[in-house]
Amino acid sequence: MDFRVVISDPQSGKAYQVEAKDTAANKFLGRKIGDVIDGDAVGMPGYSIEITGGSDREGFPLRRDLPGSKRRKILIASGTGYHPLEKGRRRRKSVHGHDISADVGQINVKIKERGAKSVEELLGAAPAE
């Protein structure tokens, strides 16, 4: 099992993509949107990261206010998964619950607390000049 983890750096405005496999992926299982975990799971020791969202393997978004780890069709007026063109328009859409399970493909996280080393140094995304 593996997840694609997109790490957002609010300070610089950049995003980095990392693969979380096996033991690193296990640290995400059972967590939910809003949980803060150690950055060790994505190769960033000393950092702490917050789960902000994601999507399952078929591309359906994780919705913060929907409990559970399954995909469901719910009637929604706005928010994650549906952005109506008219005010008050509602629609039944498929969205995934906020719990992270094995059928999640991508997890979005943001940096909460910084460590000693810089983000570019840890993730190996330093520009080659």
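Residues numbered from 1 in each chain as written. Predicted model: local features only at pLDDT ≥ 70, side-chain atom pairs only at ≥ 80, totals over all residues. Heavy atoms only, no water.

S.K.: I'd like a description of the overall build of the protein, backed by residues and values.
M.R.: Helix and strand counts for the protein stand at two helices and seven strands. Along its sequence from the N terminus, the protein presents helices and strands in the succession β-β-α-β-β-β-β-β-α. Along the three orthogonal principal directions, the C-alpha set of the protein runs to about 50 × 30 × 25 Å. When burial is assessed residue by residue, the protein has 35% of its 129 residues classed as buried. Put simply, 56% of the contacts in the protein that link residues at least 6 apart link residues at least 24 apart. Total accessible area on the protein stands at roughly 7,600 Å², and carbon and sulfur atoms take up 46% of it. Counting 23 positive and 18 negative side-chain charges, the protein places the averaged centre of each group 10 Å from the other. (Helix = DSSP H or I, 4+ residues; strand = E, 2+ residues; numbered from the N terminus. Buried < 20%, exposed > 50% of the residue type's maximum accessible area, 1.4 Å probe, protein only. Contact = heavy atoms within 4.5 Å. Areas by Shrake-Rupley, 256 points an atom, 1.4 Å probe, with all protein chains shown as cover. Lys, Arg positive; Asp, Glu negative; His and termini not counted. Charge placed at Lys NZ, Arg CZ, Asp CG, Glu CD.)

S.K.: How would you summarise unusual backbone geometry if you had to cite specific residues and measurements?
M.R.: For Asp22, which is not glycine, the phi torsion reads 50° and is therefore positive. The topology assignment puts Asp22 in helix H1 (residues 22-26).

S.K.: I'd love a proper account of the nonpolar core, names of residues and values included.
M.R.: It is characteristic of soluble globular proteins that their nonpolar side chains tend to be buried jointly. Phe3 and Phe28 are the most contacted members of the largest nonpolar core, which has 24 residues in total. For this core, the secondary-structure elements that each account for two or more residues are strand E1 (2-9), strand E2 (14-21), H1, strand E4 (48-56) and strand E7 (104-113). Per element, the largest residue contribution to this core is four residues, and it comes from E7. Beyond its immediate sequence surroundings of up to four residues, Phe28 is in contact with Phe3, Val5, Ala20, Ile37, Ala41, Val42, Ile49, Ile51, Ile100, Ile107 and Val109. (Core = buried A, V, L, I, M, F, W, Y, C linked by side-chain atoms within 4.5 Å.)

S.K.: Explain the sheet that holds strand E3 (residues 36-38) to me, using residue names and the numbers behind them.
M.R.: Taking strand neighbours across the sheet as the criterion, the five strands line up as E2-E1-E7-E4-E3 in an open arrangement whose pairing is mixed. Looking at strand neighbours, the two that pair on one side only are E2 and E3, the edges of this open sheet. Between one strand and the next, the sheet's axes are offset by a mean angle of 35°, whatever the strand orientation. Looking at chain direction, E3 and E4 are connected through three bridges and run antiparallel. When the sheet's bridge partners are listed, Ile37 is paired in E4 with Ile49. (Pairing = 2+ DSSP bridges. Axes fitted to C-alpha atoms, helices over the stretch in contact; angles between N-to-C directions.)

S.K.: Explain the confidence of the model for the protein to me, and be specific about the residues and the numbers.
M.R.: Scored by pLDDT, the protein comes out at a mean of 90, with 95% of its residues at no less than 70. Here helix H2 (residues 119-123) stands out as the element of the protein with the lowest mean pLDDT, 85, in contrast to strand E6 (residues 91-96), whose mean of 96 is the highest. (pLDDT = per-residue confidence, 0-100.)

S.K.: An account of the pattern of salt bridges is requested, with residue identities and associated values reported.
M.R.: Within this structure, the stated rule accounts for eight salt bridges. Lys21 serves as the salt-bridge partner of Asp2, at 3.7 Å between the closest nitrogen and oxygen. Here Lys21 lies in strand E2 and Asp2 lies in strand E1, a separation of 19 residues in the sequence. Judged by its relative accessible area of 31%, Asp2 falls in the partly exposed class. Residues joined in a network through salt bridges with shared partners are Asp2, Glu19 and Lys21. (Salt bridge = Lys/Arg side-chain N within 4 Å of Asp/Glu carboxyl O.)

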